[in-house]
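Inside the fold
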Amino acid sequence: MKKFISGCIVGSCLMLGTTVYAEQIKQFILTPVTYPIVVDGVEYKDAERPVLNYEGSTYVPLAKLGDITGVDYVWNDQLGRVEINTGKGQFYSEYNGDIPNYASVNGISSGKRIELSDGKTVMYAYDVTDATDGNIQKYVNELEKQGYVYESDTSDDEVSYYSKGDIFVALTVMGYDFNVIISKE
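Report follows, based on the coordinates. Values in this document were obtained by computation on a predicted structure and should not be read as measured data. (Residues numbered from 1 in each chain as written. Predicted model: local features only at pLDDT ≥ 70, side-chain atom pairs only at ≥ 80, totals over all residues. Heavy atoms only, no water.)

**Brief notes about the overall build of the protein chain**
Per the secondary structure count, the protein chain includes 4 helices and 13 strands. When each of the 185 residues of the protein chain is scored for burial, the buried share is 31%. Here the contacts in the protein chain between residues at least 6 apart in sequence split such that 45% fall between residues at least 24 apart. (Helix = DSSP H or I, 4+ residues; strand = E, 2+ residues; numbered from the N terminus. Buried < 20%, exposed > 50% of the residue type's maximum accessible area, 1.4 Å probe, protein only. Contact = heavy atoms within 4.5 Å.)

Okay, structure coming up:
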């Protein structure tokens, strides 16, 4: 009889523990969105990192959200968290019509990442496969349309400089990236 009672107690504890554990597990069923996501007139599509829907809410992968909106984000390994910098209070903005976004101008789905941001300078790097002569010229045309002027005295074969007021934009190919470097005097 002692073995039977011990078995019942152990069995009850196991079932109780499983029930408590099962209540802590939540499952979310996400489905690919069937509607377009358009950012600055360019539709976002990425089969590897799709936009998903859960109960009427749209979810965009954080890395892609940063790429398409220009938001700076980093993983802080020491603190175990994602840190997002919206750039509020900083002088540059790709989406205010002042400094155009290379990816948006050329209709490419991704490729931008923030390399450096010190409050005075920011660098955006794009995969060089997207940096065709036609795409670069299209971007230069957009810069000029926004009022940026080519600085022939400071530009050379490797870096082209454009300025508007106290903002300078440098365009260069470094390694496997086409870079747009924005600086404020």
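**Notes on a nonpolar patch on the surface**
There is a patch of nonpolar side chains on the surface, built from L62, L65, W75, V82 and I84 and spanning about 460 Å² of accessible area. Along the chain, the position of W75 falls in strand β6 (residues 72–76). Using a relative accessible area of 52% as the deciding quantity, one classes W75 as exposed. (Patch = residues over 30% accessible without salt bridge, like charges linked within 9 Å, V, L, I, M, F, W, Y side chains within 5 Å. Areas by Shrake-Rupley, 256 points an atom, 1.4 Å probe, with all protein chains shown as cover. Salt bridge = Lys/Arg side-chain N within 4 Å of Asp/Glu carboxyl O.)

**Here we look at the packing of aromatic side chains**
For any pair of aromatic rings, geometry is given as the distance between the ring centres together with the angle between the planes. Scanning the entire structure with this criterion turns up 2 aromatic pairs. Aromatic side chains F28 and Y54 sit 5.2 Å apart centroid to centroid with 75 degrees between the ring planes, which places their arrangement in the edge-to-face category. With a gap of 26 residues between them, F28 in the loop between α1 (2–24) and β1 (31–32) and Y54 in strand β4 (residues 52–54) connect regions that are remote in the sequence. Classification of Y54 as buried rests on a relative accessible area of 18%. (Phe/Tyr/Trp six-rings, centres within 6.5 Å; stacked < 30°, edge-to-face > 60°.)

**Looking at the side chain of S163**
With respect to the helices and strands, the residue S163 is situated in strand β11 (residues 159–164). Classification of S163 by relative accessible area gives buried; the value is 10%. If we skip the residues at most four places from it in the chain, S163 touches G147, Y148, V149, E151 and F168.

**A short note on the sheet that holds β1**
Taken in spatial order, the 3 strands of this open sheet run β1-β4-β5, and their pairing is antiparallel. Every other strand in the sheet has two partners, leaving β1 and β5 (57–59) as the edge strands with one partner each. (Pairing = 2+ DSSP bridges.)

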